Structure formats: C-alpha cells, structure tokens
Amino acid sequence: MKSVALVTEYNPFHNGHLYHAQKSKSITEAEVSVAIMSGNFVMRGQPAIYNKFTRTQMALTAVDLVIELPAYSAISAGQYFAETAVQVADYLNVNHLSFGSESGDINAFLSLAQEMNKVEDSPQFSEKSKEGKSYPRIISELISDHSLLSSPNNTLGISYVRAIQKWAPTIQPWTITREQSAHHDDLISNFAFASGTSIRKSIQTGDDQWKKVVPESAQTLYEARQVSIEDTFTYIKYAILSQDVQTLEQIHLMSEGLEHRLVHLINEATSFEHLMKLIKSKRYTYTHIQRLLMNILLNFKQQDKPSTIEAVRVLGMTQKGQQYLKYLKNSFPERNYITQVNKQNAHYFTNEIHATQIYNFLSNNTATDFNTPVIRV
C-alpha cells in the first residue's frame, strides 16, 4: 500500500489540517495516510489544548493511522523534532512525507538542503564556529539566499528534508502551501482557514468563531476538557523550588547557567506569563523558554534522550489504517507496533506514560495509556 506520512500536532484539528491531509493523499496518490502526532505536549512548549486521545479522534476524520511522536522529541527544537519524526516515518515504511510550508516549492527546499550540507563541511563554517557564532548566524552569512529560512514552517520543512536525506533517503518529501492564515495569527479573519493560535484563543475566550474553520465532523469533540499553559504554572514552580541547581542543570534544553536564573527568579513569578517575562532575554526566544519549562514540568533530563526508535505507539486507526498496520506487522515482524500499552511493553513508552500522568493532573482527565486502547473508526 502506497503511504504518506504527515507530521502533525492537531492542536486542535481544523480545516487547514483537513486540506493538508486530503491534498497530501492526492498529490502522492497514496492509499493510506499516517499522522505522526505530538502527544499531550507540543513543540511550542505547552500542553495540548485537548489530550492526545481526543485529538486522535479528531485526526481520524481525515487520516487513516495516528502514531504518537515520542514525547521527548515533541518538546524539542526543530532539528531533533524533525529527525525523530522522520525516523518514526521510516519505521512505518512510508513512501512519502508531506509537510506544509509558506513556500510550497519542494525544489527550493531540496536545493537549500544541498547547499547547507556543503556549507557545514566547509572551512569557513569551522572558522565561524570557532569564533563563537551561532548556527543560524553562520548559515545566514554563508548561504547565498536564505529567504526560505525567514518563516517558521519553511524552517521546519528544511529540517524534514535534511532529516530524510540523512535517515531515510527512500522517503520522498513533498510540500503543500499553507492557505491564507499565518502560523502565529491570533484572530480568525477567514471563513475557511485559521491558525491554531487563533482557534485556541477563540475556544478559550468562549466565542463561536472557531466553528467557521473546523470541520463539522470534529466539532463535538471540542467539548472535551481543555488545558491552557497557565494551568502548568503551580506545578512548574514546585518543580523548580524542589530541586537544586545541580539537578536542574541536567534538564533537557537547559544551558548556559539558565538554571541559576530560574532559581533566582521563581519566587517573584505570579503566573506563567509573568515567569516568562522575568526569564526572557535576547539570548533566549519565548518558544525556547516554554520548551524548557515543559521539560522541567515533565522532568525530562538530557540522559533520557532516546537513541533509537524501538517501538511506536498506535493511537488510532480507520479500517484502512488497520490494513496498513497488518501489512507492517507481516513485513517487519521484528518491529514493535503497539496498539495497547501494558506491563510487558510499557518500558518502550516511559516518557509518554509520564507525560500523560502529568497532563491528567492539569486537566482532571482519567484516560491513561493503560486504560485507553487503540481508537478505531
């Protein structure tokens, strides 16, 4: 069965995601679509507005198989996020990987990826690294045209293409132009498409604007319990106050003595937003700080970083997805495609199980990795 992978978060699922799923299947002529989806915490460094089981149900209105992206990767920076997603796609033996971008020109991504590979092997790159310059600055100075890197989805797209070249060269990358709404737009101004940011804002402020840009088939699922980033503050404050700086230093993404700054400022903070403002500096973006705080919340340490994909968690599937899963199990009997977490296989998903437990503290949800079997549609 010809297959296409979509790296997703569906936070929450909306018309733009439906368009991406349908268009990806069409241009690749794939029989089955596979969403590799962030679980209960997402790349921007926040809890997903709905838990991964509800978002899986949303996803199955458009895709055939939903696989959980490992939690450690889901709240990491773009390169590691993309590399893990591509490795999962390769584990699932997909033929294509399709991502949304502002550009929509896959040849531009392939050309830039090739140029970046050459630049990284050049003496000039080594010299500038020794001078202490950051990677983005070096690339901007050495790449002839870096305009493709000026928008967030394009930047992530380059990471996907380079990860495919490195880890899974048999996968063919595709890109689809994002329609009309910008990634960080916070207001719904279009009658068909809107950003996840604006939809979450609409939901959390209690207006009905989000209904214009969400497939009708998924709208009842929006009644599920919600979580906001402010819900994490008390737990993060406790996590920082209950650990010494030596322990905090080991947290994933902690660097350059930021643990000292956190310990020094945490007692002043009165909310998550206030904490962000206290910590923010020119050295760190808000997104980086949010990811770091989520890693503190989840107690993900640098040594917890998975080295390989040893198993994947199947969150949901349609009948066609079930057929594809059967094909995978027959073709790769040595691989672990898990549809039900239990005591025997739980060691593969330690981080994901822990993330679900923490998410449930925030949301008062009771659905766990053990009591929620694969969702079938």
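This text follows the structure it describes.
Residues numbered from 1 in each chain as written. Predicted model: local features only at pLDDT ≥ 70, side-chain atom pairs only at ≥ 80, totals over all residues. Heavy atoms only, no water.

The next thing to look at is helix α2 (residues 52–59). Summarising burial for α2: seven of the eight residues are buried, a large majority. Buried within α2 are the following residues: K52, F53, T54, R55, T56, M58 and A59. The inward-facing, buried residues of α2 contact β2 (32–38), β3 (41–42), β5 (65–69), β8 (312–317), α16 (350–363) and β10 (375–376). Capping the start of α2 is the job of one residue whose side-chain oxygen sits 3.1 Å from the backbone nitrogen of F53: N51. (Buried < 20%, exposed > 50% of the residue type's maximum accessible area, 1.4 Å probe, protein only. Helix = DSSP H or I, 4+ residues; strand = E, 2+ residues; numbered from the N terminus. Contact = heavy atoms within 4.5 Å. Polar contact = N/O pair within 3.5 Å; in protein donor to acceptor, adjacent residues only side chain to side chain.)

Looking now at the pairing of β2. The element β2 is extensively covered by neighbouring structure, given that seven of its seven residues are classed as buried. Neither face of β2 is left uncovered, since the one carrying V32, V34, I36 and S38 and the one carrying S33, A35 and M37 both have all their residues buried. Here strand β1 (residues 3–8) pairs with β2 via six bridges, running parallel. Considered in β2, the bridge of V4 is made with S33. With helix α1 (residues 15–28) bridging β1 and its parallel neighbour β2, the resulting β-α-β unit is right-handed. Where β2 and β5 come together, five bridges link them in parallel fashion. (Pairing = 2+ DSSP bridges. Right-handed = clockwise from strand over helix to strand, strands pointing away.)

Before going further, it helps to examine the pairing of β8. Within β8, six of the six residues are buried, which leaves the element mostly enclosed by the surrounding structure. Pairing analysis gives three bridges linking β5 to β8, with the strands arranged antiparallel. The residue of β8 that forms the bridge with L65 is M317. The pairing of β8 with strand β9 (residues 337–338) spans two bridges and is parallel. Within β9, the residue paired with V312 across the bridge is Y337. With helix α15 (residues 319–331) bridging β8 and its parallel neighbour β9, the resulting β-α-β unit is right-handed. For β8 and β10, the ladder comprises two bridges, and the chain directions are parallel. If you follow G316 over to β10, its bridge partner there is I375.

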